[in-house]
Amino acid sequence: MKSAYSSQTQNKKIEELHYELQDWKSNLHFIKDEIKFINQLLSSYVFQPNTPNLFERLQDYQHRLKKIKKGKTELQKAIAQHENNLGGMIECTDEYCDLQYYKKHDALKTKIVDSMIRFKDLKSEIFNYAGGILKKRKPISNN
């Protein structure tokens, strides 16, 4: 039987892992909105049409965004499964059992961090490229 202290410690560990899971879910949800905006930008008609390789570049960006979106969906499923399994950590009676949950958590964390870095890099690349080839519109004069 567990002592009150180890039970409290266990609950604190689970709470910390759960908080991190919630943060991951929030970040992935935000990425969903960013992907939607970027896709709208890439599909709009705001780019200088005479830009060399414009179509190919935009297609490449859209393809890469699609891969990130698919990966995001897979990560969301993995997070949901990991969150469901977290309840089993309460039943752990030794450090080895806890360690197995931490290993799974750390592996998932690595995948999420890698995915976030890839998305931020792609987003930066798209914004840097798009910023240079947006159409320059003349300001509307009120005269």
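Residues numbered from 1 in each chain as written. Predicted model: local features only at pLDDT ≥ 70, side-chain atom pairs only at ≥ 80, totals over all residues. Heavy atoms only, no water.

### Brief notes about the environment of Leu86
Piece 1. With respect to the element layout, Leu86 can be found in helix 2 (residues 54-86).
Piece 2. When the C-alpha positions of Leu86 and Ile14 are compared, they lie 7.2 Å apart, and in sequence the two are 72 residues distant. (Helix = DSSP H or I, 4+ residues; strand = E, 2+ residues; numbered from the N terminus.)

### Considering the nonpolar core
Piece 1. Judged by nonpolar contacts, the single largest core of 31 residues is most densely connected at Leu42, Phe47 and Leu65.
Piece 2. Looking at this core, the elements with two or more residues in it are helix 1 (4-43), helix 2 and helix 3 (95-133).
Piece 3. Among residues more than four places away in sequence, those in contact with Leu65 are Ile35, Ile38, Asn39, Leu42, Phe119, Leu122 and Ile126. (Core = buried A, V, L, I, M, F, W, Y, C linked by side-chain atoms within 4.5 Å. Buried < 20%, exposed > 50% of the residue type's maximum accessible area, 1.4 Å probe, protein only. Contact = heavy atoms within 4.5 Å.)

### Things to note about unusual backbone geometry
Piece 1. Unusually for a residue other than glycine, Asn53 sits at a positive phi of about 55°.
Piece 2. By the element assignment, Asn53 lies in the loop between helix 1 and helix 2.

### What about the confidence of the model for the protein chain?
Piece 1. Of the residues in the protein chain, 90% reach a pLDDT of 70 or more, and the chain-wide mean stands at 86.
Piece 2. Note on residues 1-5: pLDDT is under 50 here. Beyond four places in sequence and across chains, it has 4 contacts. (pLDDT = per-residue confidence, 0-100.)

### Here we look at the packing of aromatic side chains
Piece 1. The full count for this structure, using the stated rule, is 1 aromatic pair.
Piece 2. Measuring from ring centre to ring centre gives 5.8 Å for Tyr61 and Tyr129, while their planes differ by 65°; the resulting arrangement is edge-to-face. Within this pair, whereas Tyr61 is found in helix 2, its partner Tyr129 is found in helix 3, the two being separated by 68 residues in sequence. An identical accessibility class is assigned to Tyr61 and Tyr129; each is buried. (Phe/Tyr/Trp six-rings, centres within 6.5 Å; stacked < 30°, edge-to-face > 60°.)

### Comments concerning a positive patch on the surface
Piece 1. A contiguous patch of positive charge on the surface is contributed by Lys32, Lys36, Lys66 and Lys69.
Piece 2. Listed by contribution, the elements that provide at least two residues to the positive patch are helix 1 and helix 2.
Piece 3. Structurally, Lys69 is set in helix 2. (Patch = residues over 30% accessible without salt bridge, like charges linked within 9 Å, V, L, I, M, F, W, Y side chains within 5 Å. Areas by Shrake-Rupley, 256 points an atom, 1.4 Å probe, with all protein chains shown as cover. Salt bridge = Lys/Arg side-chain N within 4 Å of Asp/Glu carboxyl O. Lys, Arg positive; Asp, Glu negative; His and termini not counted. Charge placed at Lys NZ, Arg CZ, Asp CG, Glu CD.)

### Things to note about the packing of helix 2 against helix 3
Piece 1. Contact pair helix 2 / helix 3: the axes reach a minimum separation of 10 Å and the direction vectors enclose 160°. In terms of orientation, helix 2 and helix 3 fall into the roughly antiparallel class. Of the two elements, helix 2 crosses helix 3, and the hand of that crossing is left-handed. (Axes fitted to C-alpha atoms, helices over the stretch in contact; angles between N-to-C directions. Parallel < 35°, antiparallel > 145°, perpendicular 65-115°, else oblique. Left-handed = near helix turned anticlockwise from the far one by under 90°.)

### Details of the pattern of salt bridges
Piece 1. In the structure shown here, the tally under the stated rule is 6 salt bridges.
Piece 2. Of the charged contacts in the structure, one is a salt bridge between Glu125 and Arg64, with a shortest N-O distance of 2.9 Å. Note that Glu125 is positioned in helix 3 and Arg64 in helix 2, a separation of 61 residues in sequence.
Piece 3. Its relative accessible area of 31% is what places Glu125 among the partly exposed residues.

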